[in-house]
Structure formats: structure tokens, C-alpha cells
Amino acid sequence: MHNQSLVSEVKNLIITSVNLHHLDPAAITADTSLREGGLELDSVDILEVVVAVEQQFGVKINDAEVGKQHFRTIGTIADFVEEAKSKQ
Amino acid sequence: MKMVVVAAAVSHDEDVKSYVTQAAFRKASRKMTLCFDAMKKAVSSLADIFTPERLAAAGLILNSGFGEIEATGGFLKGLAENGVARPIFFQNSLHNSTTGFLAIQYGIQGPVFTVNHRTRGGDEVLDISETLLADSLCEFCFAVTVETVPPEFSGPTGVDREGAAVLALCSEATAAKYGLKVLITPDDVLKESAHHPRIELPLTGLKSLFRYDLITRLADRLT
Amino acid sequence: MSLATRSVCVTGLGVVSCLGIGVNRFWDRVERGESGIVEGLGAVQLDGPQLGSETEGRAFEFSMLAAKEALTQAGLSRLDPDDGFILATTTGQIDIWATEFVEFLRQKSSQEDLEVVFRHQSLGALLDTIASHIGQPSKTALISSACSAATQALALGSMWIRQGKVKRCLVGGVEVLSSLTVEGFKSLQLLSSEPARPFDSSRKGINLSEGAGFLVLEASDVVKQKSLAIISGSGLTTDAFHMTGPHPEGEGCFQAMAQAVRSSHLSPNEISWVHAHGTGSDLNDLSEGRAIARFFDGATLPPVTSTKYNHGHALGASGTLEAVLCVEALRRQTVLKSGGLEHQDPRIPLVVARESAPRAIRHILKNTLGFGGINAALVFSQPAEALS
């Protein structure tokens, strides 16, 4: 379903950009939530992830609603990136 | 009101190596981690006294000469090189960021001030603490000084001592009320303050002046 | 304790803002509902160095202009050596050192070149420079608690006077616009490109601005000129919740207001007007609004105003800039309109002032909420003679 290569890249990007090196990377999957019950990121972490994704993949998240919709799990971010890049 | 010191602690880089792998410190700056550790030592030394309720009612006054200059540099450099403004760097970049972090970690909800002076910071912190205690705005007040410099500053002038120092303060009456040993008296503070080392002005160099701060000098006597 | 004994009197005001130079101009333009916000920012229009301060930068310029206006109104040419001086700022003289600092980090500049300007990086250096120009007061402090810094500074100055540490204290807040704060707030998605709309259901965010607000505080027994207002009480609390977001229910803000009113020996019913922090951000206005509504629950809800539509959010200077408006409101017996409001957010159950209008004002409650969860509240009151 998800592009596994992208999922892996997004996962590593998040680990680096918000410093999740204390977590076991193998435990982070495409279905891992960014928020409660998953990575437990707060609002500023999410903004940091948005900035990192924009820069790494050359995509733009133009409004907060788009961000909310797509920045839920590792997999939804990967899907968003794949779709955005296909439109470029 | 006579202000006395009932606990003191100092932390350096070697004390905080284990924090880097802890989740709560994944966004913490070096200053935040050093201050946390020094506070932890001071609070632990009077664990029965510093309950969550007393910490909630406490005051916290923090000084740093350079403030969170590392995060400021990281933010501005990233902006200049890549046009990217990193939110976490910014959140950590204000002088107040260190204090806010400590207040959250220790649940301090009383009066919290951030001050900034390279040569008189500790003096200002102690004065503000005394003012707040005299007005009974808090029963205990934590006076903190911290200094680190970016690694890029270790040029010809070298890197002087960096670290965080904490004094737990209260009135003489409060110390007596709880049976706390007075570690430093107002006279001790006056004498130490009078021995203020001469710092050359205008402020030259990019060195940490942590060793000269009044709070550091007082804490060093006890640790 | 009656207000007439050991009162902390405000005797001088000085302002530099995006609405112009001087208190009268500031008040007039806010009263008329004008905004100094252009493309989301409130920049001060100052044509070149006014005071020969090419090397000290805009923060020093703004401070000296505002300090001189305040001291003059108080009948003073300078402070005495045993007076106090408290300065509040978040970034100080950042316009002098930030560029060179980045060049140094990118290895395009030497440490020697950096050291020339980096002596201005410490906020305390600005405090000392200003102090040396206004009489070299010996009791000083530099507060950098972000958005609540200047309100804390006023509270501290009041305590110094009431405790007899000084008879007089100049309290100032100053801020300049910088890439650090503008791009930083932008990265947190807190800015609006239009003038802010505090408490409005369509509010989009904050306008950063710059400027300086200075007040002379004096013990009632040394006042030479007229006392413009009394600082009756203050409240200082912390949310201990989040580094940059307020407590959702504004609990710390509520406690700060409660402390301020209690320390003034007043009840909520005696507050004539609330000058809110009201930044125009979604979260601040909601949490502050809830806190104010809860504080006045069971009492008569006074009108609430934010003036950040007019002058923006000047961070470390906001507390004193807005305190100037509170003191002027007491003097002129006028409540200011809360600009930018068309449709009030239904989640914020306040009486927001829809127009500037005459009103009998005895006591004003002033709020600030800052990054780090730092809350500060002050009560400004009519001078004692008017009250009796």
C-alpha cells in the first residue's frame, strides 16, 4: 500500500529532525502515529517535521488543513509526498 | 527579611552525559540539561521539603550571560544557508527558553524571571529573589546561573569553565520553621559579593564568565 | 494598607512605536482606531540615528527617546545614583550583532571581527549603556522573560519602591524587529499578514512590532510633578505547561489576575476595564479569554480591550507600551476600542469594547502572557486623591 522506500526515508527524517534516537527504529512503522499512542510529538515537533519534509522532498504544505490531514502517521506522510511529487 | 541559602548544587558537562538518550531531553539544549541536573541535585538534597506542592509554589530566577546563543546561531545559520527556519531551534533560542523548560520540568508555577547580564547576572538574580521572598510571593526561590558557549567560540582565548549553579533560597524564618540548616547567610553573600573579581569592560572575548558569577562562587563553597 | 500610604506612583510616560513618537500621538492614533501594521509588521519609522548612536543601534535609540520623554514628564533631567532602572527586552541590540555572528558561524568572518560587535549581544550591555546616559542609577536589572518581561519589570520596580529599596525607578521595555523573531514566529505559524484581530472568530495570528515604552515610578512622598496613576498590585505566575503555547484554560493567567487584584485589596467588581494581552493568536485569545471570563464569574464583567490591532506585539516592550495606554486611559477616563473585531469568537464569553468611549475608570487590570508560560498582571488605579 505505502511506498516502503519512502516510508523508510520519512521515518529516518523524522527521527533525525526531532531527535528520536532514543527509540528503537524497528518499532516505528508506517502505521505509527505522530501523536498520542505513537511518537508523542507535540505541535512544535509536527511543525519541525513539516519543515523537514518540505526541504527534503521539495514539496509544499500550503495550509494547516492539508498538514492535519496528511501528517498523521509515517505512512500518510509518505503517501502525501508520493502524490505531491507525481504532480510536479 | 533575611534571605538564606538552604541548598546548593553545581553541574558540568560530565554530569549530564546520560541525559542525551532520555526522551524528555531530546529537544533540550545544553544549558537546559545542565540547569535541570543542578536543580535535581539541589531539590534532592531536601527531598522531604521540596514536594510537588512546594515546588509548584516556588519562584525561579535564572541568569545566563549569552542566553541560548547556540540555538540562535543554529536557527539563523539554517535560515541564511538554506532559507529554512527551524521551529525547534527558534523555540529554544530565546533567553527565556531555558527558564521555561525548567519551570515545566519541575512544575514551578510561582514567579519565574529570566535575567541577563554577563558580569552581574548572579547579583541581579539574588536581588530579585530577595525582593520576591520579602513580599511573600513565594516561600522558596531557586536562583540559577548557567553559561555555555558555542563550540565555534573556542578560539585563541580558549574555553573557560561552563556549567550551571543553583541556590535554593528562603527567609531565615522559613528555614527555622522547617528546621533547615542555613548553608550561607546574608553576611556570607555580602562578603562574597564584595570580593567581586574584576571583569574587564567593555566585555571582550567570547568566554564563559560562569566561574565569576556570584551564584557560582557561593555554590562552589558548598559543593 | 490604604492606597495613600507608600504608594507607587506613575509620574512619567514615554513611547516610541509604529504609530509614531510620543505618548500623545500614540494614544490619539489608538483611540481613533488606526493601525500602524504594514504587511503584518509594525516597524518604527525613524529617519536615521536621532541621538548620534550609529554604534548602539535602534534599541538604544528607541529607549533613549522614550526614556527622555518619561523623565521630562516626571520633572527630571536624569536619575539619581541611588535610583533604580529596570529594562525589559527579548533580543536587545540584535540588529548590531546577528549578521556578523552568522558570517562567523559560516566561517566567513573572523573571531576578532565578531568580538567587535558581540559585546552588544548580552542584553545587560544595553541596560548598562542606557544607564550611563540617564544618570548612572546603581540599582538595575535586565528582565528577558519574553512577552511578559516588561510587565514583570513594572511589578519588580513597584516592589523595590514599596520595600524602600529605591524611591524612584525608571522601567522600560524595548524591542526591535529582527529575522530571528519574525522568521521564528513564522516557523511556529503564529503570524498574520493582516492587522491582528484579537478575540475575532476569524483571527489569523500575531503582528510582530517594535518600539519602546518607558514609565517613571516614584514613591508617593518624592513625587515632584503630578501622579498619573498608582500601581496598586501585581500577580506573577507560571503555567509550567508548554514552551510556547499557553495553558488551554489559562490557569496561570487566572491566578496572576487573582493575585494582582487581591494584592490591590480590591474585588473583581471594582475593576473598570481589562487591557488584555490579546495577541490575535488562536490559542492565546482563547485561553486568556476563558481565564478572564472565569475570573469575573459572579462579578460584573468589565469591558475588555486588546490594542494589538493598532500597534502589534512588541514582545519585550509590549508590557510597558500597553501600560502607557492604561495610565492614559485613567487620566482621560476613556476606554479604548478593541480593534480588528468584527465577529467575536463565540467560545470567548467576554464583553469586548467595540468603540473608544468615555467611561468612569477607577482601576484597570492589565494582563500579559509570555512564552515559557510566564504570566504577569498589574492593577493601575486612579491616584489616591481622586479616589478619596
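Residues numbered from 1 in each chain as written. Chains lettered and ligands numbered in written order. Predicted model: local features only at pLDDT ≥ 70, side-chain atom pairs only at ≥ 80, totals over all residues. Heavy atoms only, no water.

**Comments concerning the overall build of chain B**
Moving on, step 1. Of regular secondary structure, chain B possesses nine helices and five strands.
Moving on, step 2. N-terminal to C-terminal, the α/β element order of chain B is β-α-α-β-α-α-α-β-α-β-β-α-α-α.
Moving on, step 3. Relative to the compact-globule value of 17 Å for 223 residues, chain B shows a C-alpha radius of gyration of 17 Å, a close match.
Moving on, step 4. Considering only C-alpha atoms, chain B reaches an extent of 60 × 40 × 30 Å along its principal axes.
Moving on, step 5. Burial status across chain B gives 63% buried among its 223 residues.
Moving on, step 6. For chain B, contacts bridging at least 24 residues in sequence account for 81% of all contacts bridging at least 6.
Moving on, step 7. Accessible area for chain B stands at about 8100 Å²; split by element, carbon and sulfur atoms hold 53% of it.
Moving on, step 8. A distance of 3 Å separates the average location of the 22 positive side-chain charges in chain B from that of its 26 negative side-chain charges. (Helix = DSSP H or I, 4+ residues; strand = E, 2+ residues; numbered from the N terminus. Rg over C-alpha atoms; globule rule 2.2 N^0.38 Å. Buried < 20%, exposed > 50% of the residue type's maximum accessible area, 1.4 Å probe, protein only. Contact = heavy atoms within 4.5 Å. Areas by Shrake-Rupley, 256 points an atom, 1.4 Å probe, with all protein chains shown as cover. Lys, Arg positive; Asp, Glu negative; His and termini not counted. Charge placed at Lys NZ, Arg CZ, Asp CG, Glu CD.)

**Focus: the packing of helix H2 (residues 43–57) of chain A against helix H4 (residues 74–86) of chain A**
All names here are of chain A.
Moving on, step 1. Running from amino to carboxyl end, H2 crosses H4 at an angle of 35°, the nearest separation of the two axes being 12 Å. The hand of the H2/H4 crossing is right-handed. Within the contact between the two elements, H2 uses Val49, Val53 and Phe57 and H4 uses Ile77, Val81 and Lys85.
Moving on, step 2. For the contact of H2 with H4, a count of residues per class yields five nonpolar, no polar and one charged. (Axes fitted to C-alpha atoms, helices over the stretch in contact; angles between N-to-C directions. Left-handed = near helix turned anticlockwise from the far one by under 90°. Nonpolar A, V, L, I, M, F, W, Y, C, P; charged D, E, K, R; others polar.)

**Examining the interface of chain A and chain C**
Moving on, step 1. Contact residues are listed per partner, giving four residues for chain A and five residues for chain C.
Moving on, step 2. Buried area between chain A and chain C, summed over both chains or domains, comes out near 360 Å², and the portion from carbon and sulfur atoms is 65%.
Moving on, step 3. The three residues of chain A that bury the most area against chain C are Asp42, Val44 and Leu47 of chain A, which together make up 79% of that side's buried surface.
Moving on, step 4. Across the chain A-chain C interface, the total number found is one residue pair in polar contact (both at pLDDT 80 or more).
Moving on, step 5. Residues belonging to the side of chain A that touches chain C are distributed by class as follows: two nonpolar, one polar and one charged. (Buried area = accessible area lost by both parts, 1.4 Å probe. Polar contact = N/O pair within 3.5 Å; in protein donor to acceptor, adjacent residues only side chain to side chain.)

**Details of the confidence of the model for chain B**
Note: predicted coordinates in regions of low pLDDT should not be interpreted at a detailed level.
Moving on, step 1. Of all residues in chain B, 94% attain a pLDDT of 70 or more, and the chain-wide mean is 93.
Moving on, step 2. Among the prediction metrics, the complex's ipTM stands at 0.96, with pTM recorded as 0.96. (pLDDT = per-residue confidence, 0-100.)

**Looking at the interface of chain C and chain B**
Moving on, step 1. Taken together, the 55 residues of chain C in the interface contact 59 residues of chain B.
Moving on, step 2. With both sides pooled, the region where chain C packs onto chain B buries about 4700 Å², and carbon together with sulfur makes up 65% of that total.
Moving on, step 3. Three residues stand out in chain C for area buried against chain B, namely Leu105, Leu180 and Met243 of chain C, and they jointly supply 14% of the buried area on that side.
Moving on, step 4. Here chain C is connected to chain B by six salt bridges.
Moving on, step 5. We note a salt bridge from Arg162 of chain C to Asp135 of chain B, for which the minimum N-O separation is 3.3 Å.
Moving on, step 6. In this structure, the connection of chain C to chain B is made through 22 residue pairs in polar contact (both at pLDDT 80 or more).
Moving on, step 7. Take the side of chain C that touches chain B: its biggest share by element is seven residues, from helix H7 (residues 179–187) of chain C.
Moving on, step 8. Residues of the side of chain C that touches chain B, tallied by class, amount to 26 nonpolar, 19 polar and ten charged. (Salt bridge = Lys/Arg side-chain N within 4 Å of Asp/Glu carboxyl O.)

**A short note on helix H3 (residues 69–82) of chain B**
Moving on, step 1. Look at H3 of chain B: 19 Å from first C-alpha to last across 14 residues, which is about the 20 Å you get at 1.5 Å a residue.
Moving on, step 2. Every buried residue of H3 of chain B is accounted for by Ile69, Ala71, Thr72, Gly73, Gly74, Phe75, Leu76, Gly78 and Leu79 of chain B.
Moving on, step 3. The secondary structure elements touched by the buried residues of H3 of chain B are helix H4 (87–93) of chain B together with helix H3 (94–105), helix H4 (111–118) and H7 of chain C.
Moving on, step 4. Looking one or two residues beyond H3 of chain B, the residue adopting positive phi is Gly83 of chain B, at roughly 70°. (Expected span 1.5 Å × (residues − 1).)

**Side note on the pattern of salt bridges**
Moving on, step 1. The tally for this structure, following the rule as stated, stands at 48 salt bridges over all chains.
Moving on, step 2. Its salt-bridge partner being Arg86 of chain B, residue Glu48 of chain A comes within 2.5 Å of it at the nearest N-O pair. Of the two residues, Glu48 of chain A sits in helix H2 while Arg86 of chain B sits in the loop between H3 and H4, which places them in two different chains.
Moving on, step 3. Three or more residues are tied together by salt bridges with common partners; here these are Asp80, Asp82, Asp83, Lys167, Arg168 and Glu218 of chain C.

**Topic: H3 of chain C**
Moving on, step 1. With twelve residues, H3 of chain C ought to run about 16 Å at 1.5 Å a step, and its terminal C-alpha atoms sit 16 Å apart, in line with that.
Moving on, step 2. Among the residues of H3 of chain C, those classed as buried are Ile94, Ile96, Trp97, Ala98, Phe101, Val102, Phe104 and Leu105 of chain C.
Moving on, step 3. On its buried side, H3 of chain C packs onto H3 of chain B together with helix H2 (57–73), H4 and H7 of chain C.
Moving on, step 4. One or two residues past the end of H3 of chain C sits Gln107 of chain C, with phi positive at roughly 60°.

**Looking at the nonpolar core**
Moving on, step 1. Among the nonpolar cores identified, the biggest contains 93 residues, and Ile14 of chain A together with Phe85 of chain C are the most heavily contacted of them.
Moving on, step 2. Among residues more than four places away in sequence, those in contact with Ile14 of chain A are Asn19, Leu20, Leu34, Leu39, Leu41, Val49, Ile74 and Ile77 of chain A.
Moving on, step 3. Counting residues in each nonpolar core, the second largest holds 76 residues, with Val10, Trp27, Leu321 and Ile364 of chain C among its members. (Core = buried A, V, L, I, M, F, W, Y, C linked by side-chain atoms within 4.5 Å.)

**Considerations on unusual backbone geometry**
Residues and elements named next belong to chain C.
Moving on, step 1. One non-glycine residue, Glu39, adopts positive backbone phi at about 50°.
Moving on, step 2. Its location among the elements puts Glu39 in the loop between helix H1 (23–31) and strand E3 (41–42).
Moving on, step 3. Not every positive phi belongs to a glycine, and Gln189 is a case in point at roughly 55°.
Moving on, step 4. By secondary structure assignment, the location of Gln189 is in the loop between H7 and strand E7 (208–209).

**Concerning the environment of Phe113 of chain B**
Moving on, step 1. Checked against the element boundaries, Phe113 of chain B lands in strand E3 (residues 112–115).
Moving on, step 2. Since its relative accessible area comes to 0%, Phe113 of chain B is described here as buried.
Moving on, step 3. Not counting residues within four places of it along the chain, the set of residues in contact with Phe113 of chain B comprises Leu60, Ile61, Leu62, Thr99, Ile128 and Leu132 of chain B together with Ile143, Ser145, Gln152, Leu156 and Leu236 of chain C.

**Considering the pairing of strand E15 (residues 363–370) of chain C**
All names here are of chain C.
Moving on, step 1. Burial analysis of E15 places eight of its eight residues in the buried class, the great majority of the element.
Moving on, step 2. Alternating residues of E15 divide into His363, Leu365, Asn367 and Leu369 and Ile364, Lys366, Thr368 and Gly370, and every residue in both groups is buried.
Moving on, step 3. Bridge count between strand E10 (residues 273–275) and E15: three bridges; the pairing is parallel. Opposite Trp273, over in E15, you have Ile364 as the bridge partner.
Moving on, step 4. Bridge analysis of E15 against strand E16 (residues 374–381) gives eight bridges, and the strand direction is antiparallel. (Pairing = 2+ DSSP bridges.)

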